[in-house]
Amino acid sequence: MAAIPGQKSEVDRKHPVDQTLPPFKMFTSGLQHVAAMYAGVVAPPMIVGPACGLSPTETAFLMGASLFTAGIATLLQTLGFWKVGAKLPFVNGVSFAGVTPMVAIGKAQSPGNALPIIFGAVIVAGLLGFVLAPYFSKLVRFFPPVVTGTVITLIGVSLLPVAFNWSQGGNSQAPGYGSLTNIGMAALTFLIVLVLRKVLRGFLQQISILLGLVAGTLIAIPVGITDFAAITKADIVGFPTPFHFGAPQFDIAAIVSMCIVMLVCMTESTADMLALGKIVGRPADERTIEGGLRADTLGTAVSPLFNGFANSAFAQNIGLVAMTKVRSRFVVATSGLILIVLGLSPVAASVISLVPLPVLGGAGIVLFGSVAASGIQTLASAALDKGENSLIVAAAVGIGLIPIAAPDFYHNLPKDLLVVLDSGISTGCLVAIVLNLAFNHFGKGSGEEGAVTADAVGATDAEGAGPDTAGPDATGSDATGSDATGSDEVRIPTQPDRRAQDSGDPASAPAH
């Protein structure tokens, strides 16, 4: 059947999230995501391994396993099956939330039992999270713009200290930490990324972060901060043998600790999905969040089979999506495949590790700052002049900044509480939810102000959806997020609840 003149084909009508790019663009864009999150994936095993008494060789094996399992979790999240996967451009990897309790478990157990006990606890926590996902996803109704904007802002602000640490060298015990050379390389990379974003156009502009990392790494070679030792020592092939460190063991205290971590990860992933949903123009409804949490928790439960840890969405990659406007989930699925290859080939993984941390830190400042900017954009639609919304933001941001501004603030409190309190994202999110309920639902201002906040969720998003907002067809946008008018910002109206579409019922906006 011939297409009607002037009417777009079925492929053209696909949302940019569901579109594919040409193979080369798919690979380079996916590689950019891997470069942005590589250090975050290998850092937890670098910390946990020595705490469990592993040798450098065994720790390197653990790092490869983390890359491999991150790839599996990313494919579950982006491609999905059945009711698993948010099917958004999410990169998944080892969660930092579990590092502290896993180190504590490692130090409390003998070297031979530490990792099996950790893996047993992670399996149970993942399975529990999988069962809870349908119920946890219903919390989406408690995330109006005043909450989501606050949480997205905190995500970006919480990640910035990571970029600052990388910019100084990454290891505070190293002799050159904070040296002029390290900070200078970070500043130069930062400047290169900004210049590339300004002067380049089209696809080259979209991979400006990757180009900046390559340029910074090449400059770092004569400077002397690029380490080639990893390549010379790495094997060409190395499969993460299942249960390499022994069969999982199940310890009650360790299980309780990791279950708390799982709940923290689910809270942060919910916030991340809401953030990314707004950025890509497909707001995350209850069903999307349920699928995303199932992917997180299933990936977590499977990871210990291949010697991996708890997985969750990586917030730093949200900044990359916001900055490049490459919204295709298949690009991130390509990242998952690259991660699997890196996990199976230590020598390939070591190539990515050539990027010096100061270079990564300079690019990270731009990436993580983009996340915070998206949060501020969302807050612009939160009716801060109504009721106590501005107070909600002030209190939540203030509490959320405590672990960042004063890392030792909670040091005298029980260690079990630190799993939650040391995460500014989790504490800020909880404060925002509770205060929104108190002021806009149960408090004196539960009338007009609460209605405004609720309406803002369904009718207004960070892209400013409204009657003057053009959809993807009107602008001619593709999977890269560019539009026919040349504008950098694609504005897409809020998507209807896909549950209604699936069932054949009239589409309706998500309930909040």
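Above this text you will find the structure in question.
Let us look at the structure shown here. What you see is a predicted model, and the numbers here were worked out from it, not measured in a lab.

So, the environment of Ile-155
Looking at the element boundaries, Ile-155 is found in helix α5 (residues 145-168). Overall, Ile-155 belongs to the buried group, its relative accessible area being 0%. Put simply, Ile-155 and Gly-369 are 214 residues apart on the chain and 9.6 Å apart in space, counted from C-alpha to C-alpha. Among all residues touching Ile-155, those that are not within four sequence positions of it are Ala-271, Asp-272, Ala-315, Val-371 and Ile-425.

Remarks on the pattern of salt bridges
This structure, assessed with the given rule, holds 4 salt bridges. As a salt-bridge pair, Arg-329 and Asp-18 come within 2.9 Å of each other at their nearest N and O atoms. Here Asp-18 lies in the segment before α1 (23-51) and Arg-329 lies in helix α13 (residues 329-344), a separation of 311 residues in the sequence. Since its relative accessible area comes to 19%, Asp-18 is described here as buried. Here Glu-286 and Lys-138 are joined by a salt bridge, their closest N and O atoms 3.2 Å apart. Note that Glu-286 is positioned in helix α11 (residues 286-302) and Lys-138 in the loop between α4 (111-136) and α5, a separation of 148 residues in sequence. For Lys-138, a relative accessible area of 38% corresponds to the partly exposed category.

Let's talk about helix α8 (residues 208-223)
Helix length check: α8, at 16 residues, gives a terminal C-alpha distance of 22 Å against a target of 22 Å (1.5 Å per residue), a fit within 8%. Where α8 is concerned, the buried positions are Ser-208, Ile-209, Leu-210, Gly-212, Leu-213, Gly-216, Thr-217 and Ala-220. Just downstream of α8 lies Gly-224, where phi reads positive at about 100 degrees.

Some words on the packing of aromatic side chains
Counted according to the given criterion, the structure contains 4 aromatic pairs. Aromatic side chains Phe-409 and Tyr-410 sit 5.1 Å apart centroid to centroid with 85 degrees between the ring planes, which places their arrangement in the edge-to-face category. For Phe-409, a relative accessible area of 53% gives the class exposed. Over the ring of Phe-130 we find Arg-294, and its NZ or CZ is 5.7 Å from the ring centre.

Brief notes about helix α10 (residues 252-280)
Across its 29 residues, α10 extends 41 Å between first and last C-alpha, which sits within 8% of the 42 Å expected from 1.5 Å per residue. The buried fraction of α10 amounts to 24 of the 29 residues, a majority that puts the element mostly inside the structure. Sitting at the head of α10, Asp-251 places a side-chain oxygen 3.1 Å from the backbone nitrogen of Ala-254. Count one or two residues on from α10 and you reach Gly-281, which has phi positive near 80 degrees.

A short note on the side chain of Thr-270
Turning to its location among the elements, Thr-270 is positioned in helix α10. Polar contacts involving the side chain of Thr-270 include one to the main-chain carbonyl oxygen of Met-266, which spans 2.8 Å. For Thr-270, the contacting residues outside a window of four places in its chain are Phe-136, Phe-143, Ile-289 and Leu-293.

Considering the environment of Ala-36
Tracing the chain through its elements places Ala-36 in helix α1. Classification of Ala-36 by relative accessible area gives buried; the value is 2%. Separated by 328 residues in the primary sequence, Ala-36 and Gly-364 place their C-alpha atoms 7.5 Å from one another.

Rules of the game
- Residues numbered from 1 in each chain as written.
- Predicted model: local features only at pLDDT ≥ 70, side-chain atom pairs only at ≥ 80, totals over all residues.
- Heavy atoms only, no water.
- Helix = DSSP H or I, 4+ residues; strand = E, 2+ residues; numbered from the N terminus.
- Buried < 20%, exposed > 50% of the residue type's maximum accessible area, 1.4 Å probe, protein only.
- Contact = heavy atoms within 4.5 Å.
- Salt bridge = Lys/Arg side-chain N within 4 Å of Asp/Glu carboxyl O.
- Expected span 1.5 Å × (residues − 1).
- Phe/Tyr/Trp six-rings, centres within 6.5 Å; stacked < 30°, edge-to-face > 60°.
- Lys NZ or Arg CZ within 6 Å of the ring centre and 35° of its normal.
- Polar contact = N/O pair within 3.5 Å; in protein donor to acceptor, adjacent residues only side chain to side chain.

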